[in-house]
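Next come the chains, spelled out residue by residue.
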Amino acid sequence: MADPSPRRTFLHMKLVHMKLVRPLLWLAAVVGAMAWCAAAAVADDGLSISEPDAAISTISDPNTAIRVARDHIDAHDMHGAVVELERYLMNHPEESGIQQFLGDLYVSTGDLQDAQSVYTELLSQYPLSRDLHNSLGRLYALEGKTNDAISQFEESLPNVDSIYYLVLLHARKGDLDTFTEQMRQYADDRPSDVEAQLEAAQLFGALYLPRDAALEFQRAVALDPNSVDALEGLSLSQIAEGANDNASQTLTHCLNLDPSNYGCLYALGLLGINEKDYDEAQAAFEHAHRLAPEAPEALIGMGRLADDRGEWQQAIEYYEQALYVWPYDADAFLGIAYEYEEHGLLADAKDVTLKGLNIAPDDGRLHYMLGLLYRREGNRDLALEQFIAAEQSLNPDVAQFAKESARELQQP
């Protein structure tokens, strides 16, 4: 069975009235659960790492090494996971899969230089690895190296995970329309190519066009009924459209094919929340988290579930855990800020929102949240500045509400 690393597809959630903070939290629940990030520093938690001693590690199987590392992560010991893998590789330097996993953990702990060394060394050996190009592209995106990141993501195609990043990066460059037209044309010219249809579906999802995305995912499923990538994306688009019965059928098919598919388990959790079947949602999220405790998506889902159950402090704990495993997650920052704002802790909400914007400066939801907080403080000028920034969001609902809020503040 393939490693259950999370797939990054999309979920577009509808906005309602002016009490927008909670709906905004879920606008991009799956739209690249990893948000667009600028270079970010990870705070020193005071933990020290001893130099790995190869004589201490008795692990000889790579699957065991991954399992032990994940046990450390689940126990909130990311540094211990890093040390375990470093020790293992001293005895088994040929294990490229372990090296890449270690590189990913280096990124999570803020050790971007070592991560880049790992990825570039592996790419010298496996230059055609799409996953490695995707990982290096993600690293360059974190560092703000837009052109380098685009080059790596293009090399990773048809890795559909990369489409989300390419949309964000081309939006930053100002040539998103050209990129979008190229991707649309590429899919139109290859109607029998399942990967081309998956890329187009991901493109539409990243552009917040859920109906178009669903149609493309359906085309991909028609070409390959057993593609778990297509089934996962289709289920998420159906959930976004409120077609819960169809989503349930799609997820049943996906999980029959692969009962340990992280993405479909995550989607099942979202479906459970939508249908208020909280026990099913909890079980699905917990199953996904056990498979890949280094991934933030299931933790974000459990945070949302706790919020729906009225357990706001528990929700914050889940969001904080998500930030521990992936410190660049805008959804987690927004979730914590929402809970603080909802319970009157405005100074804490503003502090978290500002931290989130340091990580994800282009996230329109965070700009909108900060605008709401400034407005509640009575600081109209700063609020207006944030609403205008939020108008640039790719999400049309965020942009529209930001425009309305800005107009209100500009009235005499």
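On a predicted model such as this, the values are computed, not experimentally measured, just so you know.

Rules of the game
- Residues numbered from 1 in each chain as written.
- Predicted model: local features only at pLDDT ≥ 70, side-chain atom pairs only at ≥ 80, totals over all residues.
- Heavy atoms only, no water.
- Helix = DSSP H or I, 4+ residues; strand = E, 2+ residues; numbered from the N terminus.
- Expected span 1.5 Å × (residues − 1).
- Buried < 20%, exposed > 50% of the residue type's maximum accessible area, 1.4 Å probe, protein only.
- Salt bridge = Lys/Arg side-chain N within 4 Å of Asp/Glu carboxyl O.
- Disulfide = S-S within 2.5 Å.
- pLDDT = per-residue confidence, 0-100.
- Contact = heavy atoms within 4.5 Å.
- Axes fitted to C-alpha atoms, helices over the stretch in contact; angles between N-to-C directions.
- Parallel < 35°, antiparallel > 145°, perpendicular 65-115°, else oblique.
- Left-handed = near helix turned anticlockwise from the far one by under 90°.
- Nonpolar A, V, L, I, M, F, W, Y, C, P; charged D, E, K, R; others polar.
- Patch = residues over 30% accessible without salt bridge, like charges linked within 9 Å, V, L, I, M, F, W, Y side chains within 5 Å.
- Areas by Shrake-Rupley, 256 points an atom, 1.4 Å probe, with all protein chains shown as cover.
- Lys, Arg positive; Asp, Glu negative; His and termini not counted.
- Charge placed at Lys NZ, Arg CZ, Asp CG, Glu CD.
- Core = buried A, V, L, I, M, F, W, Y, C linked by side-chain atoms within 4.5 Å.
- Phe/Tyr/Trp six-rings, centres within 6.5 Å; stacked < 30°, edge-to-face > 60°.

Asks: Looking at this model, I keep getting lost on helix H12 (residues 228-240). Mind explaining?
Replies: The first and last C-alpha atoms of H12 sit 18 Å apart over 13 residues, in line with the 18 Å expected at 1.5 Å per residue. Residues of H12 that are buried include every one of Ala230, Leu231, Glu232, Gly233, Leu234, Ser235, Leu236, Ser237, Gln238 and Ile239, and no others.

Asks: Can you walk me through the pattern of salt bridges in this structure?
Replies: Charged atoms that come close allow side chains of opposite charge to pair. Inspection of every chain in the model, using the stated rule, returns 15 salt bridges. For Arg67, the salt bridge identified is with Asp71, shortest N-O distance 3.5 Å. Placement of both Arg67 and Asp71 in helix H2 (residues 62-74) is noted, with a separation of four residues, approximately one turn of the helix. For Asp71, a relative accessible area of 43% translates into the label partly exposed. Among the ionic pairs, Arg172 bridges to Asp362, the shortest N-O distance being 2.7 Å. Of this pair, Arg172 sits in helix H8 (residues 161-173) while Asp362 sits in the loop between helix H19 (346-359) and helix H20 (364-377), and the two are 190 residues apart along the sequence. The exposure class of Arg172 is partly exposed, given its relative accessible area of 38%.

Asks: Looking at this structure, how should I read the state of the cysteines?
Replies: By definition, a disulfide links the sulfur atoms of two cysteine residues through a covalent bond. As enumerated under the stated definition, the model contains one disulfide in all. Note that Cys254 is cross-linked by a disulfide to Cys264, the S-S spacing being 2.1 Å. As the torsion about the S-S bond is roughly 95 degrees, the Cys254-Cys264 disulfide counts as right-handed. Of the two residues, Cys254 is situated in helix H13 (residues 244-257) and Cys264 in helix H14 (residues 262-274); the sequence distance between them amounts to 10 residues. Considered together, Cys254 and Cys264 belong to a single accessibility category, that of buried residues.

Asks: Explain the confidence of the model for the protein chain here, please?
Replies: On average, residues of the protein chain score 87 in pLDDT, and 86% of them reach the 70 mark or higher. Predicted confidence is poor over residues 1-55, with pLDDT under 50, and the contacts of this stretch with residues over four places away or in other chains come to 172 contacts.

Asks: Is there a simple way to explain the packing of H12 against H13 in this structure?
Replies: When two helices pack together, their arrangement is given by the angle between their axes and by how far apart the axes lie. It is the contact of H12 with H13, at a shortest axis distance of 8 Å, that shows an interaxial angle of 160 degrees. In terms of orientation, H12 lies roughly antiparallel with respect to H13. Considering how the two elements wind past one another, H12 and H13 form a crossing that is left-handed. Contact residues: H12 offers Val228, Leu231, Leu234, Ser235, Gln238 and Ile239, while H13 offers Asn244, Asn246, Ala247, Thr250, Leu251, His253, Cys254 and Leu257. Considered class by class, the residues forming the contact of H12 with H13 number eight nonpolar, six polar and no charged.

Asks: I'm lost on a negative patch on the surface in this one. Help?
Replies: A cluster of acidic residues, Asp245, Glu275, Asp277 and Glu280, forms a negative patch on the protein surface. In this structure, Glu280 sits in helix H15 (residues 278-291). Judged by its relative accessible area of 31%, Glu280 is partly exposed.

Asks: Looking at this structure, I do not really get the nonpolar core. What am I missing?
Replies: Buried together is how nonpolar side chains tend to be arranged in soluble globular proteins. Grouped together as the largest cluster of nonpolar side chains are 126 residues, with contacts concentrated most on Leu85, Leu105, Val107, Tyr119, Val167 and Phe285. By residue number, the principal contributor to this core is H14, which donates nine residues. Those residues within four positions of Phe285 in sequence are excluded, and the remaining contacts are Tyr266, Gly269, Leu270, Ile273, Ala298, Gly301, Met302 and Leu305.

Asks: Which parts of the structure should I look at to understand the environment of Leu257?
Replies: Position of Leu257 relative to the elements: it lies in helix H13. Sequence separation between Leu257 and Ser227 is 30 residues, and the spatial gap between their C-alpha atoms is 9.0 Å.

Asks: Looking at this model, I keep getting lost on the packing of aromatic side chains. Mind explaining?
Replies: The geometry of two aromatic rings is summed up by the distance between their centres and the angle between their planes. Applying the stated criterion across every chain, the model contains five aromatic pairs. Each ring, one from Phe153 and one from Tyr165, has its centre 4.8 Å from the other, and the planes form 5 degrees; the classification is stacked. A residue pair is termed long-range when its members are at least 10 positions apart, and Phe153 in helix H7 (residues 146-156) and Tyr165 in helix H8 qualify at 12 residues. The burial state of Phe153 is the same as that of Tyr165; both residues are buried.

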